[in-house]
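These are the residues of each chain, in order.
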Amino acid sequence: CFASGLLFIATDTEHNVVQEVMVKDVYLGGDPSIAEEHGFGKGEDGYVRFQCAMAEHQGDPLITQYVGTAMLKLLQSAGIDVEAMQALEAMQKK
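What you see is a predicted model, and the numbers here were worked out from it, not measured in a lab.

A.B. asks: How should I be thinking about the nonpolar core in this particular structure?
C.D. replies: Soluble globular proteins tend to pack their nonpolar side chains together in the buried interior. Among the nonpolar cores identified, the biggest contains 10 residues, and these are Val 18, Met 22, Tyr 27, Ala 35, Tyr 47, Phe 50, Leu 75, Ile 80, Val 82 and Met 85. Contributions of two or more residues to this core are made by helix H1 (2-27), helix H3 (43-56) and helix H5 (82-93). For this core, the leading source of residues is H1, giving 3 residues. Here Phe 50 is in contact with Tyr 27, Ile 34, Ala 35 and Phe 40, once residues within four sequence places are set aside.

Below is the structure:
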């Protein structure tokens, strides 16, 4: 359906904007940045080390729960309808 395709594009674009803001303003922004504050270093290198640490521990159920809950709250705060986004992704897989 054309309308669902447009909704998916809009939602996907919103999600990309949220991710860009997270990287530039949260992970790399601030003085010190979150990555630097937690001992991963400054700038993009610190961000990459931070992401590697997150990936290394992504199988931990507690970390998965915390990160998932935080991302859900963040997307909802940005006005993104997460349920609609998930429904559209499921439709596209069919």
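Structure shown, so let's carry the discussion forward.
A.B. asks: What exactly am I supposed to notice about the environment of His 15 here?
C.D. replies: Of note, His 15 is situated in helix H1. Each C-alpha atom of the pair His 15 and Leu 75 lies 7.3 Å from the other, and the pair is 60 residues apart in sequence.

A.B. asks: Explain H3 to me, please; I cannot follow it from the model alone.
C.D. replies: Structural remark: α-helix, 3.6 residues per turn; residues separated by three or four positions point the same way. Taking 1.5 Å of rise per residue, the 14 residues of H3 would be expected to cover 20 Å, and the 20 Å separating its terminal C-alpha atoms lies within 8% of that figure. All buried positions along H3 are accounted for by Gly 46, Tyr 47, Phe 50 and Ala 53. Looking straight down H3, one finds that the buried residues subtend no more than 120° of arc, so they occupy a single side. Exposed residues lying more than 90 degrees from the buried face of H3 are Glu 44, Asp 45 and Glu 56.

Rules behind the numbers
Residues numbered from 1 in each chain as written. Predicted model: local features only at pLDDT ≥ 70, side-chain atom pairs only at ≥ 80, totals over all residues. Heavy atoms only, no water. Core = buried A, V, L, I, M, F, W, Y, C linked by side-chain atoms within 4.5 Å. Buried < 20%, exposed > 50% of the residue type's maximum accessible area, 1.4 Å probe, protein only. Helix = DSSP H or I, 4+ residues; strand = E, 2+ residues; numbered from the N terminus. Contact = heavy atoms within 4.5 Å. Expected span 1.5 Å × (residues − 1). Arc of directions from axis to C-beta.

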